[in-house]
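Inside the fold
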Protein chains: 2
Amino acid sequence: MTTRIVELRRGILKKNDELAAGLRNRFNSAGVLVLNLVSSPGTGKTALLERTLRELRARGAQAAALVGDLETDNDARRLAASGAPVRQINTHGICHLDAEMITKHLEGWEGVSLAGLNYLFIENVGNLVCPSSYDLGERIRVVLLSVTEGEDKPLKYPGLFNSADAAVITKIDIAGPCGFDRELALRNINEIRPGIRIFETSAKTGAGINEWLTYLEEPGGG
Amino acid sequence: MTTRIVELRRGILKKNDELAAGLRNRFNSAGVLVLNLVSSPGTGKTALLERTLRELRARGAQAAALVGDLETDNDARRLAASGAPVRQINTHGICHLDAEMITKHLEGWEGVSLAGLNYLFIENVGNLVCPSSYDLGERIRVVLLSVTEGEDKPLKYPGLFNSADAAVITKIDIAGPCGFDRELALRNINEIRPGIRIFETSAKTGAGINEWLTYLEEPGGG
């Protein structure tokens, strides 16, 4: 990369950081816990979120979601079935969400005010690289890793795993057929991000979901 | 994105296209078939490549591989067990390979000359977005999709699927436990890239591998 690109990239990230700081203030003032869900495509962000929204609503909490994808509104339609307010962000080729997209999509969101929410989930574009550099003003960044992806992913994508506050292992119902090596995966996550909270879940069977929800409900929100 | 960024990006891609055109000429002159393997992290690029290198060598072909990752040389070490020459490209945070990285890593590759090869495989960084814009001088771009990822991925990442010449569905040995809807996946791939060659494989059981190898051996190389 030439100096010009490095400088331009630094400028973009600086502007994003400023916008994200503003968002974080707004979220804190409104008392809404904001989580940014990041993973590979197909790890099961939408499935986890679908279940989480449903269960949080059943417990009386107000939760909403912003969902990023290059194209389609498949995920927003899936999630809307939970009854929670959901808004799709189409990035049209951009490989990550940024703070400006979040700001824009909070505006004019019918029936949703930040002050009325307990939780706002942001489902990022499926990508283990680019989202790591873009702060969205979230309090908790959650990285998901499915049992189908290989235990070495934390070592191969250290930037994203290192920037996360919590890790969720997904699809543990098919750990057996996938030959998933649990000990190795836990060791690799801990090598990149020592002491990080790790949840082992299946959105399908419900395994581990209670621990995850309890974490979301902890005083101070995780 | 501001005009400045759009222009800069255009400049970067133009430079990449020029370098890639030069690489393509070199590959054609040397008579080596070059394939660029792209997919999400964890789709099984390395597993397919491992088996492909082994089987091609058993058939008397000369094959080598360049392997891209942000960090680690895990994949190069795995692939070296096939006996084929393998060289790791660490991108250190960059989310895709580009033509300049390929050019650099072809230089000084001990024991490897393009003229002595029948096949050169390039395993891209695991990412369903960014690699689509970067031509590496390959003749065939292969997109992989595993049965674990969800059948909607072609619709959600149309840029990459649309730029591919062949598609390989991987891990079909666990299609059952994953609840994989084969018809829907085939339909979605064909919607984005009508008429594309599709292979359904398991690197573990060997299912579909012969069809894939036959494709590689077709006159004109695929």
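A few points on the structure. Please read these numbers as outputs of a predicted model, since none were measured by experiment.

Right, let's get into the sheet that holds strand β1 (residues 33–38) of chain A. Residues and elements named next belong to chain A. Spatial strand order, β3-β2-β4-β1-β5-β6-β7: 7 strands in an open sheet with parallel pairing. The strands lining the two open edges of the sheet, one partner per strand, are β3 (86–90) and β7 (197–200). Strand-to-strand twist across the sheet, computed as the mean angle between neighbouring axes with direction ignored, equals 20°. Pairing analysis gives 5 bridges linking strand β2 (residues 63–69) to β3, with the strands arranged parallel.

Looking now at the interface of chain A and chain B. Reports often express the size of an interface as the amount of accessible area lost when the parts come together. Each partner contributes residues to the interface: chain A has 36 residues there, and chain B has 36 residues. Here chain A packs against chain B, burying approximately 2800 Å² in sum over the two surfaces, 64% of which is carbon and sulfur. It is Leu8, Pro41 and Lys156 of chain A that lose the most area in chain A upon contact with chain B, and together they represent 21% of the buried surface on that side. Across the chain A-chain B interface, the total number found is 4 salt bridges.

As for its placement among the helices and strands, Glu218 of chain A is situated in the segment after α9 (209–217). Judged by its relative accessible area of 26%, Glu218 of chain A is partly exposed.

Once that is clear, we can look at the pattern of salt bridges. Summed over all chains, the structure comprises 36 salt bridges over all chains. Where Asp69 of chain A meets Lys156 of chain B, a salt bridge forms, and the shortest distance between an N and an O atom there is 3.5 Å. One end of the pair, Asp69 of chain A, is in strand β2; the other, Lys156 of chain B, is in helix α5 (residues 153–156), on a second chain. Neither residue differs from the other here; Asp69 of chain A and Lys156 of chain B are each classed as buried. Put simply, Asp69 and Asp75 of chain A together with Asp152, Lys153 and Lys156 of chain B are held in one network by salt bridges that share partners.

Rules of the game
- Residues numbered from 1 in each chain as written.
- Chains lettered and ligands numbered in written order.
- Predicted model: local features only at pLDDT ≥ 70, side-chain atom pairs only at ≥ 80, totals over all residues.
- Heavy atoms only, no water.
- Pairing = 2+ DSSP bridges.
- Helix = DSSP H or I, 4+ residues; strand = E, 2+ residues; numbered from the N terminus.
- Axes fitted to C-alpha atoms, helices over the stretch in contact; angles between N-to-C directions.
- Contact = heavy atoms within 4.5 Å.
- Buried area = accessible area lost by both parts, 1.4 Å probe.
- Salt bridge = Lys/Arg side-chain N within 4 Å of Asp/Glu carboxyl O.
- Buried < 20%, exposed > 50% of the residue type's maximum accessible area, 1.4 Å probe, protein only.

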